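Take a look at the letters that make up each chain.
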Amino acid sequence: MGAHVNGVDFGTPHQAKPLRFLGVGDDAALFTDLARFAEGESAVIERVADAAAAVRALSQTGWSCLLVVLDQEPDEQLAWWVEILSRSPRRPRLVALLPSPSIGFLLRAAEHGIFDVLATPVGRDRFAELLRRLRTAEDEVAVPLPEVKPFPVGTSGMVSESPAMLPVFRTIAQVAPSTATVLVMGESGTGKELVARAIHLNGPRASGPFVAVNCAAIPDNLLESELFGHEKGAFTGAVGRKIGRFERANGGTLFLDEIGDMSLPLQSKILRAVQEREIERVGGGDPIAVDGRVIAATNRDLKAMIAEGRFREDLYYRLAVVTIRLPRLADRGDDLLALTSAFLREFGQRYAKPLTSLSDRALGLLRTHDWVGNVRELRNVIERAVLVADGPMLRSEHLPEEWRTGAAPAMAVENDHLWTLREMEARHIARVLDHAHGQIGDAAHILGVHRNTLARKIKEYGL
Amino acid sequence: MSAGFAPLRVERVLRLLPDVDALAPLRAVIVATSKGRSEEEPDRTVGKRYVRAGEFEELVGRAVDRVTEHLRALYAAAIEALEAEERGDASAAVRAFLRAGDREEAAGRDAEARMWYDHARRIAEELRDRRPEIETLHRLGHLDAAHGSLDRASRVYQRSLALADAEGDPAGAALACEGLGEVALIEGKAHGAAAWYARGRGYAEPDRALVARLDLGLAEVAMISGALDDAAAALDRAGRVLEEEGDCEPLVRLLDAWGRLETLRGRHTDALVRYREALARLRGTERSPRLEMDIRLHICRLHLEAGRLPVAEDEIRRAEDLAIVHNLTRQLARLYVMMGQVRGAAGDETGFVFFEKAIELSRGREASPRLEGEAYLEYGRFRRAFGDHDESRAYLERAREIFDAQGDRPMCALIDSELSGLPAWHEAS
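Residues numbered from 1 in each chain as written. Chains lettered and ligands numbered in written order. Predicted model: local features only at pLDDT ≥ 70, side-chain atom pairs only at ≥ 80, totals over all residues. Heavy atoms only, no water.

Enquirer: I would appreciate a short explanation of the overall build of chain B in the present structure.
Expert: Looking only at helices and strands, one finds 21 helices and two strands in chain B. A compact globule built from 429 residues would reach a C-alpha radius of gyration of about 22 Å, and chain B, at 23 Å, matches this within 12%. Counting only residues that meet the buried cut, chain B has 52% of its 429 residues in that class. Counting 64 positive and 79 negative side-chain charges, chain B places the centres of these two groups 1 Å from one another. (Helix = DSSP H or I, 4+ residues; strand = E, 2+ residues; numbered from the N terminus. Rg over C-alpha atoms; globule rule 2.2 N^0.38 Å. Buried < 20%, exposed > 50% of the residue type's maximum accessible area, 1.4 Å probe, protein only. Lys, Arg positive; Asp, Glu negative; His and termini not counted. Charge placed at Lys NZ, Arg CZ, Asp CG, Glu CD.)

Below is the structure:
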């Protein structure tokens, strides 16, 4: 199969798997040129005039790459295409075509995970380079999934073969049989609720309820009535009596997640409930006895918050009778692969997609990602990937678009390519601006230049 | 450097700023640009997200630009009305005021839009030519219907129809019939709606584009009646005309209707293609945030019903940003109801916060009792799924009270059947 535009064949058959391009834009001459360059390269280029037609065409699978001509407001158009592609069943790679892209645009395109940016008019060599990179990127090798045996925790399980998790398992085993209050510390997504559940299920109150409250996910004005309940008519919207989570956890365990997010007045009420073992419903006069084990968790440095007057010291010592500190995913070594395997099997089963392997490129992307959201982020990424996967192997194209910057625009990614001073300067300024949350004054201070000089450079590079 | 101070919580900032009209765009920009929703802290509610006061300088510029652009358009309409008055053309003055109202409506300021329309109506009532009044009544009827004031909408459209009949204005009469059909549809009266759309078709006959719009209405009726083949036939008919006419907004509405029909047929992939095409077509025109929000809401619904919960949540988050930036309060409330449903389906009890937020929004400046009722109904179902029968009953009863006050018998009957499925009070407690 050769290259063709709107059904006209331009090339001769080639042994490699044909690359199928969808061009979007009304510049017929540009796509005719590209089709000519693709002759004999085993590539097919089809063109549609506008976004609506492209969306229709994208409903068919088998596209390797989308070539989009950006005209006015390229940033906005780019963001739109990224969103559209994220909804496509098999996401082709996105290549933007525009005249004289600024360095700032190239940097933003890289952040979006755009495969390449071609300046128009496109030369033959530049297009050949794109084809070569696409072929390399399409070549993915299967890595079989390891067998994983999770430690059961209720309906889910804990997966780990890492020594970093041994102290955690040991403390769970020691503390679970008691009724001591426990404070679980660790970054977001490290599995604090799972630890709390494991303590509950292995403790004397296992037959009672496990009631979890994420204090960060509930606005302050609702948190009090959620925790302590309210009487009918206590405030506008209190259409009936409500039993709070403290009462519902009677005979079981109350898990207070992200306790560092709670306001000081509410901290006082929690302290009273933990200390006196009684609560009052909002709008109710009588104290109500409660009898549940309390496990709290936080991703914050509570001691620093105490020093800043943002967390009550007496509450801290009430909660931190026993502390468990969870390691970050990055510190758990090859647990990444074990967890990936477990999540792939779990979601494969849920969405009826029997995935048996992971590609080497996908694994590489997972390994190099900065897992700020830890295991929860990994879980979410794998669930979304399974939803879009369409074969027995999870491939790099199923992972978030912005990760595929293998990928980064051709501006500087080639191994043998040395950046120009301008490119280096633009990249460094972009990095500092990001660090300074876009504050030009702060960024100029860090860079040691006058803010007017920085403003001029930002304009010059289109940052 | 501002980085020396801890960032501010959005709920603190919003509490600090007075709830005055002039600051509304700034509040919207603050919410839309707040940080904290990330892979690190995905469950953080809007109020607990952060903003940095140091970034406000830039935000103020953007908010002021929006206000200036809006005011400029309103002033231009007012000046146009004065010029029309000067040359003795009161009909043109009415139309200028209607344009100002349209502008307010597009900005999500329905109360202000109503003021412009009411003012236009007062002037139009004095005119010998009744067509400006007919146009004004269409705007008011549409606004009433959107807010769930169905009796009032119906009265307004009836008057519009009577005037159009008397004036010999078939297009005006057809549009009034379309409005009456829409009201009947919302009330769940499929036969009534079909009759109005058919009558409208009779008036619209020479105008193919108008006939196509009424066919869209007939397709809606067929869909709620379960006659999916009839719906497809009506959409096909409308599509042939609308494709030829090439007018963007009706075409987008057609694609949206196709999306919903394909969803009902269980063809989810086809539905998504239709929705995506609708969004792609919208992109090429002057943006219509309300229409875009409607389509996005349907996409979210599709993913929710297909059990693709993470994808549904991603779509809802995108739509949330759009709704906040464009001040689309009612759609935002609908979105939060759906978010609560998504969280409920995922077994996350914390999802209750979204119902609370939806109820708060539906009682706000652009109050909508119908929306409040719908939020309470879904809230009741959410609580029932978690076994909180007392709370479920309280919310369902509140929903019933609201629909009863609206005279919506079908909804009351639906809620009664849900209530009868709950254990009695003494069993539940």
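This is not the end of the story, as more comes after the structure.
Enquirer: What exactly am I supposed to notice about the overall build of chain A here?
Expert: Secondary structure summary: chain A contains 18 helices and 21 strands in total. With respect to the principal axes defined by its C-alpha atoms, chain A has extents near 85 × 55 × 45 Å. Counting only residues that meet the buried cut, chain A has 52% of its 463 residues in that class. The contacts of chain A with a sequence gap of at least 6 include a subset with a gap of at least 24, amounting to 72%. For chain A, the accessible area works out to roughly 20,600 Å², and carbon and sulfur atoms hold 52% of it. Between the mean site of the 55 positive side-chain charges and the mean site of the 60 negative ones, chain A shows a separation of 4 Å. (Contact = heavy atoms within 4.5 Å. Areas by Shrake-Rupley, 256 points an atom, 1.4 Å probe, with all protein chains shown as cover.)

Enquirer: Would you mind showing me how to read the nonpolar core here?
Expert: Where a protein is soluble and globular, its nonpolar side chains tend to be buried together. Membership of the largest hydrophobic core comes to 88 residues, with the highest contact counts inside it found for L227, F246, I270 and F311 of chain A. The leading source of residues in this core is helix α16 (residues 329-345) of chain B, at eight residues. Every residue in contact with F246 of chain A, bar those within four places of it in the chain, is listed here: L227, F228, L254, I270, A273, I279, V290 and V294 of chain A. Counting 36 residues, the second largest nonpolar core, distinct from the first, contains A84, L98, I134 and V183 of chain B. (Core = buried A, V, L, I, M, F, W, Y, C linked by side-chain atoms within 4.5 Å.)

Enquirer: Would you mind going over unusual backbone geometry with me for this structure?
Expert: Glycine aside, a negative phi is what most residues show, and trans is what most peptide bonds show. Residues and elements named next belong to chain A. Going from T120 to P121, the amide bond is cis rather than trans, its omega being -5°. Structurally, the position occupied by P121 is in the loop between β7 (116-119) and α5 (124-138). Look at R277: it is not a glycine, yet its phi comes out positive at around 60°. Topologically, R277 is positioned in the loop between α10 (264-276) and β16 (278-279). In this model, N374 sits at a positive phi of 55°, which is unusual for a non-glycine residue.

Enquirer: How should the interface of chain B and chain A be read in this particular structure?
Expert: A common measure of how large an interface is: the accessible area buried when the components associate. Between chain B and chain A, the residue contacts involve 48 residues of the former and 48 residues of the latter. With both sides pooled, the region where chain B packs onto chain A buries about 4,400 Å², and carbon together with sulfur makes up 49% of that total. Taken together, the connections running from chain B to chain A amount to eight salt bridges. In this structure, the salt-bridge partner of R56 of chain A is E243 of chain B, at a minimum N-O distance of 3.9 Å. At the junction of chain B and chain A, the tally comes to four residue pairs in polar contact (both at pLDDT 80 or more). Within the residue set of the side of chain B that touches chain A, elements represented by two or more residues are α13 (268-283), α15 (309-325), α17 (352-362), α18 (369-385) and α19 (389-405) of chain B. Of the residues contributing to the side of chain B that touches chain A, the split by class is 13 nonpolar, six polar and 29 charged. (Buried area = accessible area lost by both parts, 1.4 Å probe. Salt bridge = Lys/Arg side-chain N within 4 Å of Asp/Glu carboxyl O. Polar contact = N/O pair within 3.5 Å; in protein donor to acceptor, adjacent residues only side chain to side chain. Nonpolar A, V, L, I, M, F, W, Y, C, P; charged D, E, K, R; others polar.)

Enquirer: Explain the confidence of the model for chain A here, please?
Expert: Regions with low pLDDT should not have their predicted coordinates read in detail. Residues and elements named next belong to chain A. Per-residue pLDDT for chain A averages 85, and the proportion of residues at 70 or more is 92%. Contacts for the low-pLDDT stretch residues 1-15, under 50 throughout, to residues beyond four places or in other chains number 44 contacts. The low-confidence segment residues 406-416, where pLDDT is below 50, has 32 contacts with residues more than four positions distant or belonging to other chains. (pLDDT = per-residue confidence, 0-100.)

Enquirer: For this particular structure, what's the right way to read the packing of aromatic side chains?
Expert: Two descriptors summarise a pair of aromatic rings, namely the distance from one centre to the other and the angle between the planes of the rings. Residue and element names in this part refer to chain A. Applying the stated rule across the entire model yields 15 aromatic pairs over all chains. Directly above the aromatic system of W63 lies the positively charged group of R20, at a separation of 3.7 Å from the ring centroid. For R133, the ring lying beneath its charged end belongs to F115, and the centroid distance is 4.5 Å. (Phe/Tyr/Trp six-rings, centres within 6.5 Å; stacked < 30°, edge-to-face > 60°. Lys NZ or Arg CZ within 6 Å of the ring centre and 35° of its normal.)

Enquirer: Can you walk me through the sheet that holds strand β19 (residues 322-325) of chain A in this structure?
Expert: In a beta sheet, neighbouring strands are held together by backbone hydrogen bonds and run either parallel or antiparallel to one another. Residues and elements named next belong to chain A. Spatial strand order, β12-β15-β18-β11-β19: five strands in an open sheet with parallel pairing. With one partner strand each, in any of the chains shown, β12 (210-214) and β19 form the two edges of the open sheet. Taken over all neighbouring pairs, the strand axes of this sheet differ in orientation by 15° on average, direction set aside. When strand β15 (residues 253-257) meets strand β18 (residues 293-298), the two strands line up parallel, connected through four bridges. Bridging from a neighbouring strand, F255 pairs with I295 of β18. (Pairing = 2+ DSSP bridges. Axes fitted to C-alpha atoms, helices over the stretch in contact; angles between N-to-C directions.)

Enquirer: Quick question: what am I supposed to make of the pattern of salt bridges here?
Expert: Side chains bearing opposite charge may pair, as long as their charged atoms lie close to each other. All names here are of chain A. Tallied over the entire structure, the rule returns 80 salt bridges over all chains. Here D116 ties to R133 by a salt bridge, and the two come within 3.1 Å at their closest N and O atoms. Taken together, the residues span a long stretch of sequence, with D116 in strand β7 and R133 in helix α5 at a distance of 17 residues. Neither D116 nor R133 differs from the other in exposure class; each is buried. Across the pair E346 and R379 runs a salt bridge, and its minimum N-O distance is 2.5 Å. Placement of the pair is E346 in helix α13 (residues 335-350) and R379 in helix α15 (residues 374-388), with a sequence separation of 33 residues. Residue E346 is classed as partly exposed on the basis of its relative accessible area of 27%.

Enquirer: Which parts of the structure should I look at to understand helix α17 (residues 440-447) of chain A?
Expert: For an α-helix the count is 3.6 residues per turn, leaving residues at separations of three or four pointing the same way. Residue and element names in this part refer to chain A. Within the span of α17, buried status applies to D442, A443 and A444. Buried residues along α17 sit against α16 (421-435) and α18 (451-461). With its phi angle positive at about 75°, G448 sits one or two positions after the end of α17.

Enquirer: How do you make sense of the sheet that holds strand β21 (residues 393-394) of chain A when you look at a structure like this?
Expert: Residues and elements named next belong to chain A. The three strands lie next to each other as β8-β20-β21, forming an open sheet whose pairing is mixed. The open sheet is flanked by β8 (142-144) and β21, the only strands paired with a single partner. Bridging between β8 and strand β20 (residues 357-359) involves three bridges; their strand directions are antiparallel. What sits directly across from P144, in β20, is S357. Seen against the sheet, helix α14 (residues 360-368) touches β8, β20 and β21 and runs at an angle of roughly 75° to β20.

Enquirer: What is the right way to read the side chain of E377 of chain A from this model?
Expert: Residue and element names in this part refer to chain A. Relative to the helices and strands, E377 is located in helix α15. It is R376 that comes nearest to the buried, bridge-free E377 among opposite-charge side chains, at 8.4 Å. Among the polar contacts made by the side chain of E377, one reaches the main-chain amide nitrogen of V372 at a distance of 3.4 Å.

Enquirer: Mind showing me how you'd approach the packing of helix α3 (residues 74-86) of chain A against helix α4 (residues 103-112) of chain A here?
Expert: Two quantities define a packed helix pair, namely the angle between the helix axes and the distance between the axes. Residues and elements named next belong to chain A. As a packed pair, α3 and α4 sit with axes 11 Å apart at the nearest point and diverge in direction by 10°. Compared by their axis directions, α3 and α4 come out roughly parallel. Each of P74, D75, L78, A79 and V82 in α3 lies in contact with α4, whose residues at this interface are F105, R108, A109 and H112. Considering only residue class, the contact of α3 with α4 consists of six nonpolar, one polar and two charged. (Parallel < 35°, antiparallel > 145°, perpendicular 65-115°, else oblique.)

Enquirer: Help me understand the pairing of strand β3 (residues 19-24) of chain A in this model?
Expert: On a regular strand, each side chain points to the face opposite its neighbour's, so the side chains alternate between the two faces of the sheet. Residues and elements named next belong to chain A. With five of its six residues buried, β3 lies for the most part within the structure. Pairing of β3 with strand β4 (residues 43-48) involves six bridges; the strand directions are parallel. If you follow V24 over to β4, its bridge partner there is V48. As for the winding sense of the linkage, the β-α-β connection from β3 through helix α1 (residues 28-38) to β4 is right-handed. Here β3 runs beside strand β5 (residues 65-69); their pairing, made up of four bridges, is parallel. If you follow L22 over to β5, its bridge partner there is L66. (Right-handed = clockwise from strand over helix to strand, strands pointing away.)

Enquirer: Is there a simple way to think about the pairing of β12 of chain A in this case?
Expert: Residues and elements named next belong to chain A. A large share of β12 lies buried, amounting to four of its five residues. As judged from the five bridges shared by β12 and β15, these two strands associate in the parallel manner. Bridge pairing links F210 to T253 in β15.

Enquirer: Explain a negative patch on the surface to me, please; I cannot follow it from the model alone.
Expert: Together, D26, D27, D50 and D71 of chain A make up a region of like negative charge exposed at the surface. On the secondary structure map, D27 of chain A appears in the loop between β3 and α1. (Patch = residues over 30% accessible without salt bridge, like charges linked within 9 Å, V, L, I, M, F, W, Y side chains within 5 Å.)

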